[in-house]
Amino acid sequence: MVTSDDLAKLKIRHIIFHDIPKHTKGTEGTPVLADLETEINADRSAMLKKRLVQTLGSKTAYEIEFNPDTSSPVPDEVKTHTDNRHDIKKFIKMSQNLAKHLFEEQNGQNSAGLLCVMDVVTGGHNALAVLKLEREQGADLQLQNVKGGQQFKMSVLDNLVFTDGTRLFKSSLFINTGSGEFRSAVCDSQRSVMASTDMGRFWLKYLGCRVTVEPRIATQRWFDTTIEFINDHVTDPIVKNDLYEHLQSELKSNKKKVSPNKFIEDCFPDNYRTEYKGFLKDKGVLLQAFEKDVSDITSKITRKLLRTTKGVTVTVPADEDNLVEIKSEQILIRDPLQTIEKR
Amino acid sequence: MNDLESARKRWLTDRPEYDHFSQELVSKLRAELRREGIWAEVSGRAKEVDSIIRKLIKKPKHNYDSIGDKSGVRIILRYKDEIKSVLELVENIFDCGEFEEKVDALELDRVGYLSVHIDVKLRADDALAEKYPPEKFKAELQVRTMAQHLWSEMSHDAFYKNDESLNPLPIPVKRRVYLLAGVVEVADDEFNRLNGEMPTLPEFVLLNALERHYFKLTTRRSDSELSLDVIRLLLPLYSEELEQIILHLDDFYNQHQEVISDVYEQAEEDPDRSVYLYQPEALMIYDRLNYDSISIRKLWNTKYHEGELERIANAFGISFD
């Protein structure tokens with residue numbers, strides 16, 4: 001996973017923008033390709049980096065990997081580009097290829113936008129950031145003629161890139177850590193990259209990537225680790241019970257994804273937050289959001305509720321049916337009493 | 001006279017090289033002082049041509065080649081107690097002559113409040129020794145406190161610079177000069193003692209501990225009042241005893257040193273950086289953002305603007321989104 005350390009150490013070496021107009025069915029059209037990088041000052045560079053941190057470090061960023069079955073040229077372009085330090089001409093050519101592919105992949109449903117490709121370095125590793133910034137249809141973006149070619153000047157792009165509205169964009173970062181290994185992340189601030197719709201999955205498909213951890217595995221890992229933490233580290237019985245209930249309701253809710261960070265924020269008392277977070281990190285459990293899939297833990301989160309005529313309720317884990325025996329006048333529980341609490 | 005003319009010409013030719021030599025020494029010293037976490041102002045330059053000529057006039061036994069201190073480097077420290085560590089550090093990186101502690105050479109009733117002077121040259125195994133051979137390139141290094149510097153600067157052009165210039169003056173004036181020199185020396189001693197004695201309150205102790213790391217990253221001075229305010233606010237986020245907190249922050253710094261150094265290097269060029277970054281407590285903020293960002297955000301917003309915290313978080317690669 002791309003870490004906060006990766007993002008902190010990230011430095012932008014080159015940046016180029018290409019304009020990708022709306023590609024309506026049956027129309028020809030072409031992307032407007034720059035053939036020179038955009039020069040940016042330290043101020044703009046710092047702001048762009050901040051945007052990358054805000055999105056790729058966010059709760060809605062996902063760890064991704066190249067999909068071996070993809071027909072997208074993006075993975076090969078990324079690998080070739082980040083394998084060695086290359087010259088600027090190759091960077092520009094590669095970015096143009098990415099732009100052409102984006103234009104070909106888009107249809108009438110996709111908004112017009114700017115493809116921004118950044119040659120970056122972090123902690124000595126070559127990396128590439130690929131972003132798509134939405135822009136209003138019809139916005140007048142002109143390439144500027146400068147010596148040696150055409151470029152989008154930063155002054156022209158300022159409103160598109162740096163206004164608060166442009167927190168809405170699709171982003172990705174690929175860090176080449178050597179020996180063919182990558183740490184990569186993706187974020188789509190408009191919709192979940194894990195959504196089942198074509199539109200939702202568009203950005204992942206374009207990049208030729210897939211989310212690294214299967215949702216059902218991520219969900220199970222998080223659930224098991226959280227249960228382990230509550231059992232072994234939470235001493236206060238009331239807090240323990242509350243946390244069990246929060247966990248149950250988080251997994252049974254209609255929410256499509258789980259964000260451990262958000263769960264900590266909403267449900268964990270102050271004095272357990274740091275420890276729980278550290279526990280998840282130690283166990284290699286993601287803190288970022290992941291798509292929820294409870295198919296592997298259904299039996300663990302389903303509970304049988306027994307209610308007596310005078311208001312006694314007993315809940316039993318669905319897969320532990322043998323713990324209770326129901327007789328005509330009584331319920332027999334075969335489990336030693338652990339705590340009694342008044343509520 | 002001809003000697004002076006020739007010295008002048010030679011120095012005008014040689015001076016740029018000696019100036020570069022001074023800058024190399026300055027860079028080396030800055031890097032070492034940073035590594036030790038000691039705040040200091042380090043400057044250096046080759047002597048002006050007037051200064052060389054003046055020396056040859058005043059000390060006729062010298063000729064151009066025998067002048068050892070054609071380059072000068074100065075280290076100004078805050079506290080007297082730091083001088084010893086700095087001299088040890090200097091001895092480790094340079095070939096040093098005898099330390100000349102000017103204040104020790106003064107009689108009880110003599111005027112002057114001066115610094116430590118040492119002749120230094122590169123060690124033979126130094127990578128730069130080929131470019132600046134030690135037999136040719138030497139520099140006079142002065143190590144002084146801010147108070148010593150104040151006296152030195154104020155007295156430089158004045159008649160009370162030394163006893164010779166002071167002797168012809170009427171006794172009441174001489175007495176005032178002695179008193180003034182004494183006041184500066186007492187102030188220096190008191191600053192030093194206060195620095196050692198003040199930290200009994202947790203926020204002071206913590207600030208001192210944080211400064212040790214901070215000055216490894218930058219020589220920028222921070223705002224102590226703001227530091228103490230922020231530390232007071234954030235201290236309740238730690239459940240350990242003060243000593244444990246300091247150990248934890250030391251550990252945290254060591255574990256994240258590479259990232260932290262990188263962040264400070266990049267911040268130099270970021271005009272939109274958080275105002276809290278160039279404060280020693282930035283380490284504490286980063287620590288809490290790393291371990292418990294929810295609590296620090298909640299607490300921070302009770303007193304300060306969240307945008308500043310987000311800026312510092314973003315600098316350390318942490319997103320609030």
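As the structure is a prediction and not an experimental result, all values here were calculated from the model.

Calculation notes
Residues numbered from 1 in each chain as written. Chains lettered and ligands numbered in written order. Predicted model: local features only at pLDDT ≥ 70, side-chain atom pairs only at ≥ 80, totals over all residues. Heavy atoms only, no water. Helix = DSSP H or I, 4+ residues; strand = E, 2+ residues; numbered from the N terminus. Buried < 20%, exposed > 50% of the residue type's maximum accessible area, 1.4 Å probe, protein only. Contact = heavy atoms within 4.5 Å. pLDDT = per-residue confidence, 0-100. Buried area = accessible area lost by both parts, 1.4 Å probe. Salt bridge = Lys/Arg side-chain N within 4 Å of Asp/Glu carboxyl O. Polar contact = N/O pair within 3.5 Å; in protein donor to acceptor, adjacent residues only side chain to side chain. Nonpolar A, V, L, I, M, F, W, Y, C, P; charged D, E, K, R; others polar. Pairing = 2+ DSSP bridges. Axes fitted to C-alpha atoms, helices over the stretch in contact; angles between N-to-C directions.

## Structural notes on the side chain of B:Ser227
Residues and elements named next belong to chain B. Relative to the elements of secondary structure, Ser227 occurs in helix 8 (residues 224-234). According to the relative accessible area criterion, Ser227 is buried, its value standing at 0%. Once residues lying within four places of it in the same chain are set aside, the contact partners of Ser227 are Leu207, Ser222, Gln279, Pro280 and Glu281.

## Remarks on the confidence of the model for chain A
Summarising the model, chain A shows a mean pLDDT of 83, and 89% of its residues fall at 70 or more. The element-level mean pLDDT for chain A is lowest in helix 5 (residues 154-162) of chain A, coming to 67, with helix 1 (residues 4-9) of chain A highest at 95.

## With respect to the interface of chain B and chain A
Taken together, the 30 residues of chain B in the interface contact 26 residues of chain A. On the chain B side of the interface with chain A, the three residues burying the most area are B:Gln266, B:Ile294 and B:Asp321, jointly 25% of the side's total. In this structure, A:Lys11 and B:Asp262 form a salt bridge, with 3.4 Å as the shortest nitrogen-oxygen distance. Put simply, chain B and chain A have 10 residue pairs in polar contact (both at pLDDT 80 or more) between them. Listing elements by their share of the side of chain B that touches chain A, those giving two or more residues are helix 9 (242-267), helix 10 (282-300) and helix 11 (306-315) of chain B. Broken down by element, the side of chain B that touches chain A gets its largest block of residues, 9 residues, from helix 10 of chain B. When the residues that make up the side of chain B that touches chain A are grouped by side-chain class, the tally is 11 nonpolar, 8 polar and 11 charged.

## What to know about the side chain of B:Asp126
Inspection of the secondary structure assignment puts B:Asp126 in the loop between strand 5 (116-122) and strand 6 (139-145). Reaching out from B:Asp126, the side chain makes a polar contact with the side chain of B:Lys28 at a distance of 2.8 Å.

## Points about the sheet that holds strand 8 (residues 181-188) of chain A
Residue and element names in this part refer to chain A. Read from one edge to the other, the open sheet built from 7 strands follows the order 1-3-4-7-8-2-9, with strand pairing classed as antiparallel. Across the chains shown, the open sheet's two edge strands, defined by having one partner strand only, are strand 1 (11-20) and strand 9 (209-211). Adjacent strand axes in the sheet meet at a mean angle of 25°, parallel and antiparallel pairs treated alike. Alignment of strand 4 (residues 125-134) against strand 7 (residues 169-178), held across 7 bridges, turns out to be antiparallel. Its bridge partner lying in strand 7, Val130 is registered against Ser172. Of the strands in this sheet, strand 2 (62-66), strand 3 (113-122), strand 4, strand 7 and strand 8 are in contact with helix 3 (residues 74-83), which crosses strand 4 at around 140°. Seen against the sheet, helix 4 (residues 88-105) touches strand 1, strand 3 and strand 4 and runs at an angle of roughly 40° to strand 1.

## Observations concerning the pattern of salt bridges
Following the criterion strictly, the structure yields 35 salt bridges over all chains and no others. Where B:Glu48 meets B:Arg45, a salt bridge forms, and the shortest distance between an N and an O atom there is 3.0 Å. Taking relative accessible area as the criterion, B:Glu48 reaches 37% and is therefore assigned partly exposed. With relative accessibility at 49%, the residue B:Arg45 sits in the partly exposed group. Here the residues in one salt-bridge network are A:Lys50, B:Asp270, B:Asp272, B:Glu308 and B:Arg311, joined through shared partners.

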